[in-house]
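# A look at the structure
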Amino acid sequence: MPFELYVDSLYTSPYALSAFVALTEKGLPFTVKTVDLGSGEQRLAAYAGRALTGRVPALVEGDFVLTESTAITEYLEETFPAPEYARLYPHDRRQRAQARQIQAWVRSDLVPVRVERDTETVFFKKPCSPLTETAQQAAAKLVHLAERFVQGPQHLFGEWSLADTDLAIMLSRLVRNGDEVPAKLRDYVEFQWQRPSVQQWLARHQPG
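Treat the numbers as computed from the prediction; the structure is a model and nothing was measured.

### A word on the nonpolar core
Within the largest apolar cluster, 58 residues are counted, with the highest numbers of intra-cluster contacts made by L76, L156, L167 and W201. Beyond its immediate stretch of four places on either side in the chain, L167 contacts I102, V106, L142, A146, V150, L156 and Y188. Membership of the second largest hydrophobic core comes to seven residues, among which are V35, Y47, A51 and A58.

Printed below as a string of structure tokens:
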């Protein structure tokens, strides 16, 4: 039975994107269902009764329902392991830990950047104001860490991992809005955006 992946109806959630990319990279059959967050559909019993956190993404496999993007991608990595399926995380144990560190960080920190450069400004070019001082500090922190990890225009750990997608989308909040970002990081973002699995997600965009 194919998986079902529930995502936001505007396709702007970076966490839903991460789960979509994971399923696509693994080559697993799945269908996409949308949830209208603007109308509060995620709070209705039909969705919240199954997706216990009431958030997107949600992965459905028969009567098994899982929310939270990192839980979803780690479940997929353990259930459909390499080499039979594409690897989502680095083979090296320490690099794998660093990849998960980056994923956790971009989800839990940098709130001013996430608020002032929401993903509608990335995907739909929604107008935005210059960054406040607090957001500038958060942006500087993001750039500082990214420069430590990004050594070239391609991947963080020699070959692609899901942390590349997650970090690139976070950096896109600055790059796509013309904020100051070193050329090395702009090149990295552009390279990651061209990945076929990311392009498949972008092809679904329909501005509301």
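Resuming the write-up.
### Structural notes on the sheet that holds strand β3 (residues 58–61)
Strand order in the open sheet formed by four strands is β2-β1-β3-β4, and the pairing between neighbours is mixed. Every other strand in the sheet has two partners, leaving β2 (30–35) and β4 (64–67) as the edge strands with one partner each. Each neighbouring strand pair of the sheet contributes to a mean axis angle of 20 degrees, computed without reference to strand direction. The pairing of β3 with β4 spans four bridges and is classified as antiparallel. Looking at β4, one finds that A58 is bridged to T67. Strands β1 (3–8), β3 and β4 of the sheet are contacted by helix α3 (residues 69–79), whose axis makes an angle of about 125 degrees with β4.

### Digging into helix α8 (residues 162–175)
Because each turn of an α-helix spans 3.6 residues, side chains separated by three or four positions end up pointing in the same direction. Between its first and last C-alpha atoms α8 spans 19 Å; for 14 residues at 1.5 Å apiece the expected length is 20 Å, and the two agree. Summarising burial for α8: 14 of the 14 residues are buried, a large majority.

### Some words on the layout of surface pockets
It is a probe the size of a water molecule, rolled over the atoms, that shows where empty space is left. What the largest pocket holds in volume is close to 630 Å³. Around the largest pocket, the lining is made up of 24 residues, and of these S13, P14, Y15, L37 and V56 lie nearest the centre. Of all the secondary structure elements, the ones that give two or more residues to the lining of the largest pocket are α1 (14–26), α3 and α6 (119–123). Among the residues forming the lining of the largest pocket, the class breakdown is seven nonpolar, seven polar and 10 charged. Among the domains, domain 1 (3–86) and domain 2 (93–195) are the pair contributing at least three residues each to the lining of the largest pocket.

### A look at the pattern of salt bridges
On inspection of all chains with the given rule, the structure shows nine salt bridges. The shortest N-O distance in the salt bridge between E68 and R55 comes to 2.6 Å. Of the two residues, E68 is situated in the loop between β4 and α3 and R55 in the loop between α2 (45–48) and β3; the sequence distance between them amounts to 13 residues. Its relative accessible area of 27% is what places E68 among the partly exposed residues. Salt-bridge contacts for R100 lead to E74; the nearest nitrogen and oxygen are separated by 3.3 Å. On the criterion of sequence distance, the pair formed by R100 in helix α4 (residues 93–108) and E74 in helix α3 is long-range, its members being 26 residues apart. Overall, the relative accessible area of 28% leaves R100 in the partly exposed class.

Calculation criteria
Residues numbered from 1 in each chain as written. Predicted model: local features only at pLDDT ≥ 70, side-chain atom pairs only at ≥ 80, totals over all residues. Heavy atoms only, no water. Core = buried A, V, L, I, M, F, W, Y, C linked by side-chain atoms within 4.5 Å. Buried < 20%, exposed > 50% of the residue type's maximum accessible area, 1.4 Å probe, protein only. Contact = heavy atoms within 4.5 Å. Pairing = 2+ DSSP bridges. Helix = DSSP H or I, 4+ residues; strand = E, 2+ residues; numbered from the N terminus. Axes fitted to C-alpha atoms, helices over the stretch in contact; angles between N-to-C directions. Expected span 1.5 Å × (residues − 1). 1 Å grid on protein atoms, 1.4 Å probe; cavity = no way out; pocket = protein on both sides within 12 Å on 5 of 7 lines; lining within 4 Å. Points joined across faces, edges and corners; volume = space filled by probe spheres on them. Nonpolar A, V, L, I, M, F, W, Y, C, P; charged D, E, K, R; others polar. Domains from an automatic or database assignment. Salt bridge = Lys/Arg side-chain N within 4 Å of Asp/Glu carboxyl O.

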